Every structure is written in C-alpha cells, then in structure tokens.
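These are the residues of each chain, in order.
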Amino acid sequence: MKLSLVGLLLAFALLFFVPACRDQQPEPDSKTQLAQPGNRYFVSATLIGEFTTEQLARRAPVPVQLTNGIRVYKVVYKTPNTDGTELQASGALLVPITPDNRIPNGLMSQQHGTITEDSQAPSYYNQSSEAYTYASAFAALGYAVACPDYIGYGESRQVPHPYEHRQSLATASLDMIRASQEFFQNNKITGYERLFITGYSQGGFATMSLQKMIEEQFASDFNLVASACGAGAYNKTRFMQALANDTTASNPAFNLSYVWVLLTYNRVYGINRPVSFYFREPYAAEVQSRQQNARIPVRISQALTDGFKQASASATDPFVRAVADNDVYDWQPR
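Now for a quick tour of the structure. Everything numeric here is computed off the predicted structure, so don't read it as measured data.

Time to look at the pattern of salt bridges. The tally for this structure, following the rule as stated, stands at 10 salt bridges. Of the charged contacts, one joins Glu50 and Arg71 as a salt bridge, the two residues approaching to 2.8 Å between their closest N and O atoms. Of the two residues, Glu50 is situated in strand 2 (residues 42-51) and Arg71 in strand 3 (residues 70-80); the sequence distance between them amounts to 21 residues. By relative accessible area, which is 22% here, Glu50 ends up partly exposed. For Lys212, the salt bridge is made with Glu216, and the minimal N-O distance between the two is 3.1 Å. Residue Lys212 and its partner Glu216 are both found in helix 5 (residues 202-217); the two are separated by 4 residues, about one turn of the helix.

Below, the structure is given as structure tokens:
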C-alpha cells in the first residue's frame, strides 16, 4: 500500500508540480469560520494547525523539495446520507500558504483507503491518517487538498459508514470539493479551478466513482484534469462471483472486508435479509454478534450458505442487483 501511494505522489508531482518559492502569510484572525450567505454546502472550517516546510519534510513519504507551508482545517459540510436525508459530514482541507492567497497548482481531492477507527479519519489529522502524510506532501507542493472523511466518520460518526457504496462515497467526496470551493470563495483564495482526484484501496474505488459521477452528471461544473485510482474493487459483480464459488484465501482480515460490504448492501438497499440467509453456522452467529468485525478464519465460500450461493447466480436477485449497482469498470472516461 505504501509503495503504491508513493507512486501516486510521484506521478502527480512529476506531471503537474510547478516549482516556486512561497512566503508565509500572517496568522488568520479567527480559528473557526462559518458559512456565509449563499453557501450551499460549506458549514464551517476550524483551523487545526499551521505547518512549515521543515516540519512537513520530516513526515513526507519520499524525499522531495517542498515549497509551501500549509494550513490544515477541519471542514464541516452538508451532504445526503444513503437514505437521502441531509446530514453534516466532515473532512480535512489542506491549503498551501502563499503571499498572494493563490493556490499554485489547483485543487486535489484525495479519497482515503479503508479505515477501521474513527480516529483515522482525515479531519482528526492524526499521524495514522493519509492526510497527515501524503496529502500534506501534496499541499506543500502547491496543491490545495480536500480529504473527505466519508459518511460514518468524523462529524457524521453517529451513522453507519456505507463501506464500498459507490453513490455515497462519490457524493460525499463531491460535496467536500464543493464545500472547499465555497471556503476559498469566502476567503478570496484563488487558483483552485483545476481539479485532480486520487485514492488507493477503498479510496481508489471512491475516486473512480467520483470521476464517473463528475463526468456523467457535472462535467460542466469542474475542470477535471487528472485522476489516479489505485487498487480499488471496480468489478464488484465478478469479484462476488469469485468469492462465492472459487477457492480464495482463508484470511480473516480479507473476510472482514467482504462481510462489511455484504452487510452494507443488505442495509443500504433495503434488502434486510437475516444474517442466517448469507452465512452458515457458526459464522452466522459470529457475524450477528460482531457485525463487520466478525472473524471468519476459513475461505469465505465455506462460510456462505448454499441458498445464498444459488441466489448469487441470478441476475434478478436483489443482492446481486445491489452489487451490480456498485460496478464502476464498464464505462468510458473522458
């Protein structure tokens, strides 16, 4: 994972980095900024901290000449939950410090990979967060970087995280971009017009879903320049078929992810089948008790019921349709 993220960092830096020397600006007047009239997505931004290039160089994932200090904000914004109700979500926004209040290289949206603890979400800006390392390096190279927490983390931690759900991952990321743009407008920050998007693992799937949503529904709203998606599960249908019928690894950590996806789709799409429909004992009891934290130490196909395997072969089965709704491999990017 680390090597692949380093590759993304180097690819963006080499292709799009414009060297420049930047001076730091004075401290902002207020730690928290609130929405202004006309803001549709942005709710508030709270300053987490300001960091120099020397501080950032010590945590950069690869040796690189950093050009900007950065300010890091926790941004709260509006976005719909999976049932369509509006909620307040959050993310980290990293802004390069420049003397003219202009972002040198544009706005990047970095979608994070799978996390299992709320404290790993970008808006906490902890050392275990991708925002703390990779996003900070991008920001210190002259990009503003928006890092959505996704629904279920940070400000919206009271609701379940819709793991690997295409629509909500894309929407939460898109609305974080929009809220960041409103923040820039409120503060007369310019240079954010070019958009770059990237992510790895769940972040790769979220980024591909975001790109598809932008290009098919909001192409005229954004100047999307480049997209880098790493190690996402894009062909969900074929992968589900492989898990149900083929010989796979008996890895509890891998199985945890598969259980999490299954439970998410069962809930989000209103299928609401009992756990016993999907899993045979003793694994059904384990999943019922521990949900996505269930430990299944055998091949996942051995833990699944024959009834579910038979249902997974039918294109009309509601769970199969839910899985297909999350495929993002068969489309033409522009």
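Right, let's get into the sheet that holds strand 1 (residues 32-34). Taken in spatial order, the 8 strands make up an open sheet running 1-2-3-4-6-5-7-8, and their pairing is mixed. The strands lining the two open edges of the sheet, one partner per strand, are strand 1 and strand 8 (223-230). Sheet twist, expressed as the mean angle between neighbouring strand axes with direction ignored, is 20°. Across the sheet, helix 4 (residues 166-186) touches strand 1, strand 2, strand 3, strand 4 (86-96), strand 5 (107-111), strand 6 (144-148) and strand 7 (194-200), and the angle it forms with strand 3 is around 125°. The sheet contacts of helix 5 involve strand 5, strand 7 and strand 8, and relative to strand 7 the element is tilted by about 145°.

Criteria and cut-off values
Residues numbered from 1 in each chain as written. Predicted model: local features only at pLDDT ≥ 70, side-chain atom pairs only at ≥ 80, totals over all residues. Heavy atoms only, no water. Salt bridge = Lys/Arg side-chain N within 4 Å of Asp/Glu carboxyl O. Helix = DSSP H or I, 4+ residues; strand = E, 2+ residues; numbered from the N terminus. Buried < 20%, exposed > 50% of the residue type's maximum accessible area, 1.4 Å probe, protein only. Pairing = 2+ DSSP bridges. Axes fitted to C-alpha atoms, helices over the stretch in contact; angles between N-to-C directions. Contact = heavy atoms within 4.5 Å.

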